[in-house]
Amino acid sequence: MRQPKWRQEGEEPDYRFTLANERTFLAWIRTALALLAGGVLMHQFASTLGPRPVIVILAVAFGVIAAGLTIVAYTRWRGNEVAIRAGRPLPSSWMLPALSIALLIVTVVIAVLLAFP
């Protein structure tokens, strides 16, 4: 398999840093899979939770958040890998506050649906 150009730049990092970066990437992917599973479960089994259109919107929201998270997880992994190879500080990420806000909104909507059936 052809290696991307950025893997040929800088110095080869200590394998422990590369493996730690991969574990973080995989943790984000697991989170995305859990969100996707939550959306599928909500769509299939939450028929008594509230109006059907609201449930569908929430299920789609979980799927969209999961898809976005997978894209951002890869770009974050790649950015960290490039920074490690170049000996630069790791880049900051807007992903954590954005994910927190998105999940807070979905959680509040679910809580309202549970409180007012």
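Report follows, based on the coordinates. (Residues numbered from 1 in each chain as written. Predicted model: local features only at pLDDT ≥ 70, side-chain atom pairs only at ≥ 80, totals over all residues. Heavy atoms only, no water.)

**Examining the side chain of N21**
With respect to the element layout, N21 can be found in helix α1 (residues 15-45). In contact with N21, other than residues within four places in its own chain, are W77, N80 and E81. (Helix = DSSP H or I, 4+ residues; strand = E, 2+ residues; numbered from the N terminus. Contact = heavy atoms within 4.5 Å.)

**Notes on the nonpolar core**
Ranked by internal contacts, the top residues of the largest apolar core, which has 19 residues, are L35, M42, L49, L69 and I110. Among the elements of the structure, α1, α2 (52-86) and α3 (95-115) are those that each provide at least two residues to this core. For this core, the element with the most residues is α2, which contributes eight residues. Dropping the residues within four chain positions of it, M42 is found in contact with L49, I55, L58, A59, F62 and I110. (Core = buried A, V, L, I, M, F, W, Y, C linked by side-chain atoms within 4.5 Å. Buried < 20%, exposed > 50% of the residue type's maximum accessible area, 1.4 Å probe, protein only.)

**Digging into the packing of α1 against α3**
Relative to each other, α1 and α3 sit at 20 degrees, their axes nearing to 14 Å. In this view, α1 runs roughly parallel relative to α3, as classed from their interaxial angle. Both α1 and α3 take part in a crossing whose hand is left-handed. For the pair α1 and α3, the contacting residues are W28, L35 and M42 in the first and M95, L96, L99, L103 and I110 in the second. (Axes fitted to C-alpha atoms, helices over the stretch in contact; angles between N-to-C directions. Parallel < 35°, antiparallel > 145°, perpendicular 65-115°, else oblique. Left-handed = near helix turned anticlockwise from the far one by under 90°.)

**Quick notes on α2**
The end-to-end C-alpha separation of α2 is 51 Å, in line with the 51 Å expected for 35 residues at 1.5 Å each. Remark: G87 follows α2 within two positions and exhibits a positive phi of approximately 75 degrees. (Expected span 1.5 Å × (residues − 1).)

**Observations regarding the pattern of salt bridges**
The tally for this structure, following the rule as stated, stands at two salt bridges. Of the charged contacts in the structure, one is a salt bridge between D14 and R16, with a shortest N-O distance of 2.4 Å. (Salt bridge = Lys/Arg side-chain N within 4 Å of Asp/Glu carboxyl O.)

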